[in-house]
Amino acid sequence: MAPVDLSPLEKSLLDIAQRGFPLSPRPYATLARQLGTTEDAVLAAFRSLQTQGVVGRIGAVWAQGAVGSSCLAALKVPPARLDAVAACVGAHPEVNHNYERDHPWNLWFVVAARDEAAREAVLDSIAAETGLPLLRLPMEHGHHLDLGFAIDWSPSAAIKENRA
Amino acid sequence: MTDAHLTDQALIAATEGGLPLTATPYAEIATRLGVSETAVTDRLRAMLADGRIRRIGAVPNHYRLGYTANGMTVWDVADDRVMDLGAAVGQLPFVSHCYLRPRVPGLWSYTLFAMVHGRSRAETDAHAAAIRALLGDALRAGEILYSTRVLKKTGIRTAGRQPVKETS
């Protein structure tokens, strides 16, 4: 993927618009006023951010539990079976955020279903289908949940990246 | 649908793919649902206030911005201190999510989870070291699990609707 080269306006929007998006009738005009630019320029900048794949969507981030019941889970998968097991897990429509991680518990995913019973049924069937040890780690308390993320635009950050 | 009949489920379904990139996105959603624009914004405001919506805004793809070293740090912390320390870890600027989860006897002993983001593993390892220092003598053990592949990433979906693809 080509590295992104963002305009000052695009960076400013990522700084101020990850949370607190205006609930005014013309939210992009409200943002434009804050940044001293036009509504059209803000709309064009968001379109560009989406085209470049930097912003997925602009919208509400729902709390876990706002819609149904979800649970983080992990499987300890023999490496030779990883692709097949990942496909089996991913085939369940209730599964999202399926990640491979470099750890003996190497497959991590979130199951979200309409209620706890449905969620547990999906986890039960994944355990049965794979025949593997399954960790069920529902959230007990959240301290800081996806409230946006401060992006470091400094040149030193880019230098670190180049050295990686 | 009249304003009084606007359900949370209908609003979630109408907005889960994101707000339209047009000058009046809430009016457009209201038209789709057959309710007034203020019914849409009032309900979103109420769901923000009661915590069902964490935030409304642009959802960035951190990977695309160079944050390629994303680690799930997991910590075994003394039970009587984990609430306070979890709150402190959650305040660190490089932590995007911080959760408490249960132990699973014999299988899993880590209860505090903090998602940490960096532009290199060295940077993310340094962030993890900062968490380790903050946890101090309440810490029994910790690890960092890097994601090596994203196999599936979708937004929350409601029954009967197509998955909402997020870039990953």
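Thresholds applied
- Residues numbered from 1 in each chain as written.
- Chains lettered and ligands numbered in written order.
- Predicted model: local features only at pLDDT ≥ 70, side-chain atom pairs only at ≥ 80, totals over all residues.
- Contact = placed C-beta atoms within 7 Å.
- Helix = DSSP H or I, 4+ residues; strand = E, 2+ residues; numbered from the N terminus.
- Pairing = 2+ DSSP bridges.
- Buried ≥ 20, exposed ≤ 12 C-beta atoms within 10 Å, placed from the backbone.
- Arc of directions from axis to C-beta.
- Domains from an automatic or database assignment.

Facing 66 residues of chain A, the contacting portion of chain B comprises 68 residues. With eight residues, the top contributor of residues to the side of chain A that touches chain B is strand β1 (residues 55-62) of chain A. Pairing of β1(A) with strand β1 (residues 53-60) of chain B, which is carried by seven bridges, proceeds in the antiparallel orientation. Bridge pairing in β1(B) links A:V55 to B:P60.

Among the residues of helix α2 (residues 25-33) of chain B, B:P25, B:Y26, B:I29, B:A30 and B:L33 are the ones counted as buried. Each buried residue of α2(B) lies within a common arc of 140° when the element is viewed along its axis, so the set occupies one face.

This part takes up the domain arrangement of chain A. As a measure of interface size, the accessible area lost when the parts come together is often cited. Considered domain by domain, chain A is made up of domain 1 (8-60) and domain 2 (69-137). On a C-alpha basis, the centres of domain 1 of chain A and domain 2 of chain A stand 36 Å from each other.

Below, the discussion takes up the domain arrangement of chain B. Looking at chain B, the domain boundaries give domain 1 (3-49) and domain 2 (62-146). Taking only C-alpha atoms into account, the centre of domain 1 of chain B sits 36 Å from that of domain 2 of chain B.

Here we take up the environment of A:E100. As for its placement among the helices and strands, A:E100 is situated in strand β3 (residues 95-101). Note on A:E100: 18 C-beta atoms within 10 Å, which makes it partly exposed. In this structure the C-alpha to C-alpha distance between A:E100 and A:D15, which are 85 residues apart in sequence, comes to 30 Å. Aside from chain neighbours lying at most four places away, what touches A:E100 is A:L82, A:A86, A:N106, A:L107, B:S147, B:T148, B:R149 and B:L151.

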